[in-house]
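Architecture at a glance
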Amino acid sequence: MGLITERTDLDAILIKQINMDVTLTNILSALTAIKIENTPFRVTTEITRPADTIAYAIGDIVNNGASPTVLPTLDFGIGNANKNIIITGYSFKRNYAINVWPYDLYLYNANVLTGQTLADNTAFNPTFAEQILKLQNTVTWTNQDGEHFNASNSGSITNFNPMAVQATLDANGKLYLAVIVNTVFTPPSASIQDFTLTGIIY
């Protein structure tokens, strides 16, 4: 009987230890989630145009190189999480001077749009089904409440704020950016532009 009692006591201790380990794991997971929630973010993606000066028409896409097959990535660095975000501001940095704001930004939860060519200087007209399935939100000239615009120098930065644009990240903690031209202009060859979004993850 003594042996049985000792074995039973040992089993009880082991079960308590397992429960403590499970509880600790749950607590750590909860703390990780809390850390992610309401966390400020700042993400940037860079686009380098092809080495040409072909004029853009309204509705053309701007993308990396001559024949890209995917949209540029905005990586929020939080791994496997379909988290929601609120974009409160963004900036556009370029290595050339320009006296217009030529782009609207379309945010997607996938880097490929079925049936849509993503090559630079191509008309952007994704299907309604793809828009419904993958489009998260847009950042356009009309939803800016304030701006600071410096077009006089090469390398100038345009900042837009405040605003509140909501989107949901994909399972890998990313969004994908379609940069769409909203005014006719001729770009410099191989020009570089950085797009930065700021806001919170919630």
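Here is what the cut-offs are and how they apply
- Residues numbered from 1 in each chain as written.
- Predicted model: local features only at pLDDT ≥ 70, side-chain atom pairs only at ≥ 80, totals over all residues.
- Heavy atoms only, no water.
- Phe/Tyr/Trp six-rings, centres within 6.5 Å; stacked < 30°, edge-to-face > 60°.
- Helix = DSSP H or I, 4+ residues; strand = E, 2+ residues; numbered from the N terminus.
- Buried < 20%, exposed > 50% of the residue type's maximum accessible area, 1.4 Å probe, protein only.
- pLDDT = per-residue confidence, 0-100.
- Contact = heavy atoms within 4.5 Å.
- Core = buried A, V, L, I, M, F, W, Y, C linked by side-chain atoms within 4.5 Å.

Considerations on the packing of aromatic side chains
Using the criterion set out here, one finds 8 aromatic pairs in the structure. A ring pair is formed by Tyr56 and Phe185, whose centres lie 5.4 Å apart and whose planes are at 35°; its orientation type is tilted. Here the residue Tyr56 occupies a position in the loop between strand S1 (39-48) and strand S2 (61-62), and Phe185 occupies one in the loop between strand S10 (174-181) and strand S11 (192-201), the gap between them amounting to 129 residues. Exposure remark for Phe185: the relative accessible area of 10% places this residue in the buried category. A ring pair is formed by Phe92 and Tyr103, whose centres lie 5.4 Å apart and whose planes are at 80°; its orientation type is edge-to-face. Residue Phe92 is located in strand S4 (residues 84-94), and its partner Tyr103 is located in strand S5 (residues 103-108); the two are separated by 11 residues in the primary sequence.

A look at unusual backbone geometry
A positive phi angle, close to 70°, is found at Asn121, a residue other than glycine. Mapping Asn121 onto the fold places it in the loop between S5 and helix H2 (128-134).

With respect to the confidence of the model for the protein chain
Detailed conclusions should not be drawn from predicted coordinates in areas where pLDDT is low. Confidence in the prediction of the protein chain, expressed as mean pLDDT, is 79, and 69% of residues score 70 or more. Within the model, the stretch residues 143-154 combines pLDDT values under 50 with 42 contacts to residues more than four positions away or in other chains.

A short note on the nonpolar core
Ranked by internal contacts, the top residues of the largest apolar core, which has 30 residues, are Ile85 and Tyr103. Of all the secondary-structure elements, those providing two or more residues to this core are S1, S4, S5, strand S9 (165-168), S10 and S11. Contact partners of Ile85, with chain neighbours within four places excluded, come to Phe41, Phe76, Val165, Gln166, Ala167, Leu169, Leu175, Ile200, Ile201 and Tyr202. One finds Leu71, Leu113, Tyr176 and Ala178 within the second-largest nonpolar core, a separate group that totals 9 residues.

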